[in-house]
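Each chain, written out:
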Amino acid sequence: MTATTSDEEAPLVLIVDDDVEVRTAIGELMESVGIKAVTYGSTRELLETPLPDRAGCLVLVVRMPGASGLDLQQQLAAAGITKPIVFLTGHGDIPMSVQAMKAGAVDFLTKPVRDQTLLDAVVAGIELDKEQRARAQVIRQHVERFAALTPREGQVMREVARGRLNKQIAYDLGITEITVKLHRSNVMKKMQATSVGELIRAWEKLPAQLRETGAA
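Residues numbered from 1 in each chain as written. Predicted model: local features only at pLDDT ≥ 70, side-chain atom pairs only at ≥ 80, totals over all residues. Heavy atoms only, no water.

A.B. asks: I keep staring at the layout of surface pockets and nothing clicks. Help me out?
C.D. replies: The probe, sized like a water molecule, is rolled over the atoms to show the empty space still left. Looking at the largest pocket, its volume works out to about 330 Å³. When grouped by side-chain class, the residues that make up the lining of the largest pocket number 4 nonpolar, 3 polar and 6 charged. (1 Å grid on protein atoms, 1.4 Å probe; cavity = no way out; pocket = protein on both sides within 12 Å on 5 of 7 lines; lining within 4 Å. Points joined across faces, edges and corners; volume = space filled by probe spheres on them. Nonpolar A, V, L, I, M, F, W, Y, C, P; charged D, E, K, R; others polar.)

A.B. asks: Just to check I follow, could you spell out the nonpolar core for this structure?
C.D. replies: A general feature of soluble globular proteins is that nonpolar side chains tend to end up buried together. With 36 residues, the main nonpolar core has V13, M30, F87, L118 and V122 as its most contacted residues. When neighbours within four sequence positions are excluded, F87 is seen to be in contact with L60, V62, G69, L70, Q73, A100, A105, D107, F108 and L109. Ranked by size, the runner-up nonpolar core spans 19 residues in total, among them V160, I169, A170 and I175. (Core = buried A, V, L, I, M, F, W, Y, C linked by side-chain atoms within 4.5 Å. Buried < 20%, exposed > 50% of the residue type's maximum accessible area, 1.4 Å probe, protein only. Contact = heavy atoms within 4.5 Å.)

A.B. asks: Help me understand the side chain of E153, please; the structure alone is not making it clear to me.
C.D. replies: Structurally, the position occupied by E153 is in helix α7 (residues 151-161). With relative accessibility at 4%, the residue E153 sits in the buried group. Residues in contact with E153, not counting those within four places in the same chain, are A148, H183, N186, V187 and K190. (Helix = DSSP H or I, 4+ residues; strand = E, 2+ residues; numbered from the N terminus.)

A.B. asks: It is not clear to me how the packing of aromatic side chains should be interpreted in this structure. Could you clarify?
C.D. replies: The description of an aromatic ring pair uses the distance of the two centres, along with the angle that the planes make with each other. As enumerated under the stated definition, the model contains 2 aromatic pairs in all. Ring centres of F87 and F108 lie 6.0 Å apart, and the angle between their planes is 45°; on these two criteria the pair is classed as tilted. A residue pair is termed long-range when its members are at least 10 positions apart, and F87 in strand β4 (residues 85-89) and F108 in strand β5 (residues 107-110) qualify at 21 residues. Given the relative accessible area of 0%, F87 is considered buried. Residues F146 and W203 carry aromatic rings whose centres are separated by 6.1 Å and whose planes lie at 65° to one another, so their mutual orientation is edge-to-face. (Phe/Tyr/Trp six-rings, centres within 6.5 Å; stacked < 30°, edge-to-face > 60°.)

A.B. asks: I tried to follow the environment of D53 on my own but got confused; where do I start?
C.D. replies: Mapped onto the fold, D53 is located in the loop between α3 (43-47) and β3 (56-61). The class for D53 is exposed, based on a relative accessible area of 68%. D53 sits 44 residues away from E9 along the chain, and the two C-alpha atoms are 8.8 Å apart. A distance of 3.0 Å separates a polar atom in the side chain of D53 from a polar atom in the side chain of R133. (Polar contact = N/O pair within 3.5 Å; in protein donor to acceptor, adjacent residues only side chain to side chain.)

A.B. asks: Where do I start with the packing of helix α8 (residues 166-173) against helix α9 (residues 177-190) in this structure?
C.D. replies: Packed helix pairs are specified by the crossing angle of their axes together with the interaxial distance, meaning the distance between the axes. Taken N-terminus to C-terminus, the directions of α8 and α9 make an angle of 105°; their axes are 8 Å apart at the nearest point. Here α8 lies roughly perpendicular to α9, going by the angle between them. Touching N166, K167, I169 and A170 of α8 are E177, V180, K181 and R184, all from α9. Classifying every residue of the contact of α8 with α9 by side-chain character gives 3 nonpolar, 1 polar and 4 charged. (Axes fitted to C-alpha atoms, helices over the stretch in contact; angles between N-to-C directions. Parallel < 35°, antiparallel > 145°, perpendicular 65-115°, else oblique.)

Shown next, in the form of structure tokens:
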């Protein structure tokens, strides 16, 4: 059956547990409340499958044969994947939970866990991922718009964001104040900013490397 657009956009929970009965039960729990779920028997199986580009979270068991859930957390972080994680363990201890939470885990639950407790943690993870994805989308938009600026316009944007006046920018860049005003007008249009405040906020959302160079 072909997935509908709404199915493809719905949040998705990825469950990793080497115990087939446990992961199946968790998957069925998610589906029972309308949350789409996909299960994996190992961290390797998950890593060998392209992660879908949609909101959601991971439910990982800490101890598994081969790479553990904590190992997977580190691998995903190293790859720049910030998908929220809910950890489950039957052998949890304080150092493990501290390590997991410091690395950004949403929760660290000990099995057996109440259905509602797990659902609450998963929902919190999904909401966090939605927020992260929304912020990332805004940053991508700003980066794309910034890429349309000329090198000089990028320099002018940086100076405006620093609070510099037109005449100060003109002096620093060795150009006329009229030229600065023209560049500034172009920057506002290309960045789709209706005020200096919006332009500054857009500048602050750009990656540090772009802000340092002042050019795409």
